[in-house]
Amino acid sequence: MKVIVAKDYDDAARKAADIVETVVRENPTCTLGLATGSSPVGMYKELIRRCSENGLDFSRIHTVNLDEYVGLEPTHDQSYRYFMNNNLFNHINIDKTNTYVAKGIGDVEENLKEFNDVLDNTEIEIQVLGVGPDGHLGFNEPGDTLYDRAHEETLEDSTIEANKRFFASKEDVPTKAVTMGMGNIMRAKELLMIIGGNKKEAATKLLVEDKIDPHCPATFMRLHRKATVVIEEALAREIGYIR
Ligand code: GLP
């Protein structure tokens, strides 16, 4: 696993965008695995800029997203479909019919079947990831065992607490989500994690140590042949990764 230390959030965004740009230019018809959260927003802004100013072409790109809240309509402003449209898809030359975010409403079992069918028939060229304060990947919460395939998760209180900043109150945060499983993530040809935001010290420290711990799903990144983590200098210093 390669660790890139970036000067600050904007530098992390540029460095992460460089990696995605290389993938898109080399494989203009590939599938990108995408993530939500504050950490990748800067990278998405940078990709939007490169699309409009440098001709980075998404017209034949497909995407699939990591996860979605259960119970939110795609038009809800906190749904991950809405997030992706707003933060990326509406501003680049992608065909939205080639973008997939799992359904959060309707029959969960049927939605999961559809999500797993999409994943079974897609080879993800690069999977973008963030990390939750408890070390979750997508919405794969810590536990004694982890899941291979897409499934429903009950969110940890620390996850609800971390994500309540986007909702009117904690009670409005959905308690369940559908997410790619750890196997789906690990089968991507390349992984790219961007770590930003608060309360990431503990998970990041575990991630850069030589341990694989299902109680910190992010540590599974270490098992991947082609994984890069971009962290900001201040965080790298805080956890003792650099002096
Ligand atoms: C949510 C998402 C995760 C994301 C995490 C961290 O829980 N399901 O995929 O990594 O938020 O988000 P942020 O980057 O905003 O800290």
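Residues numbered from 1 in each chain as written. Predicted model: local features only at pLDDT ≥ 70, side-chain atom pairs only at ≥ 80, totals over all residues. Heavy atoms only, no water.

Draft legend 1. Quick look at empty space enclosed by the protein. Taken as a whole and assessed by the stated rule, the structure comprises one cavity of 30 Å³ or more. Of the volumes computed, that of the largest cavity is approximately 50 Å³. Val20, Leu32, Leu34, Leu47, Phe58, Thr63, Leu88, Phe89, Ile92 and Ile94 are the residues that line the largest cavity. Tallied by class, residues from the lining of the largest cavity come to nine nonpolar, one polar and no charged. (1 Å grid on protein atoms, 1.4 Å probe; cavity = no way out; pocket = protein on both sides within 12 Å on 5 of 7 lines; lining within 4 Å. Points joined across faces, edges and corners; volume = space filled by probe spheres on them. Nonpolar A, V, L, I, M, F, W, Y, C, P; charged D, E, K, R; others polar.)

Draft legend 2. Broad picture of helix α2 (residues 41–54). For α2, built from 14 residues, the straight-helix expectation of 20 Å at 1.5 Å per residue is met to within 8% by its first-to-last C-alpha distance of 19 Å. Along α2, the residues classified as buried are Val41, Gly42, Met43, Tyr44, Glu46, Leu47, Ile48, Arg50 and Cys51. Those residues of α2 hidden inside the fold are in contact with α1 (9–26), β2 (31–34), α3 (80–87), β6 (124–129) and β9 (191–195). Positive backbone phi, at 70°, marks glycine 55, one or two positions downstream of α2. (Helix = DSSP H or I, 4+ residues; strand = E, 2+ residues; numbered from the N terminus. Expected span 1.5 Å × (residues − 1). Buried < 20%, exposed > 50% of the residue type's maximum accessible area, 1.4 Å probe, protein only. Contact = heavy atoms within 4.5 Å.)

Draft legend 3. Geometry of the nonpolar core. The biggest cluster of nonpolar side chains holds 75 residues, and the ones touching the most others in it are Leu32, Met43, Tyr44, Phe58 and Met193. Residues in contact with methionine 193, not counting those within four places in the same chain, are Leu129, Gly130, Val131, Leu137, Leu207, Ala218, Met221, Thr228, Val229 and Val230. (Core = buried A, V, L, I, M, F, W, Y, C linked by side-chain atoms within 4.5 Å.)

Draft legend 4. Here's a closer look at the pattern of salt bridges. Tallying each qualifying case throughout the model produces 20 salt bridges. Here aspartate 117 ties to lysine 113 by a salt bridge, and the two come within 3.0 Å at their closest N and O atoms. Taken together, the positions of aspartate 117 and lysine 113, both in helix α4 (residues 108–120) and four residues apart, correspond to about one turn of that helix. Exposure remark for lysine 113: the relative accessible area of 53% places this residue in the exposed category. Put simply, arginine 187 and aspartate 148 hold a salt bridge, and the shortest N to O gap is 3.0 Å. Placement of the pair is arginine 187 in the loop between α6 (182–186) and β9 and aspartate 148 in the loop between β6 and β7 (151–154), with a sequence separation of 39 residues. Classification of aspartate 148 by relative accessible area gives partly exposed; the value is 41%. The structure contains a network of salt bridges with shared partners spanning Asp18, Glu21, Arg25, Glu46, Arg49, Arg50 and Glu53. (Salt bridge = Lys/Arg side-chain N within 4 Å of Asp/Glu carboxyl O.)

Draft legend 5. Quick peek at the environment of arginine 60. Considering the arrangement of structural elements, one finds arginine 60 in the loop between α2 and β3 (62–65). We classify arginine 60 as partly exposed; its relative accessible area is 47%. Considered as a pair, arginine 60 and threonine 29 are 31 residues apart in the sequence and their alpha carbons are 4.9 Å apart. Excluding anything up to four places from it in sequence, arginine 60 contacts Pro28 and Thr29.

Draft legend 6. Representation of the state of the cysteines. A full pass over the atoms with the stated rule returns zero disulfides. Cysteine 30 supplies the cysteine sulfur nearest to cysteine 51, a cysteine that is in no disulfide, at a spacing of 14 Å. Relative accessible area serves as the criterion here: at 14%, cysteine 51 is assigned to the buried category. (Disulfide = S-S within 2.5 Å.)

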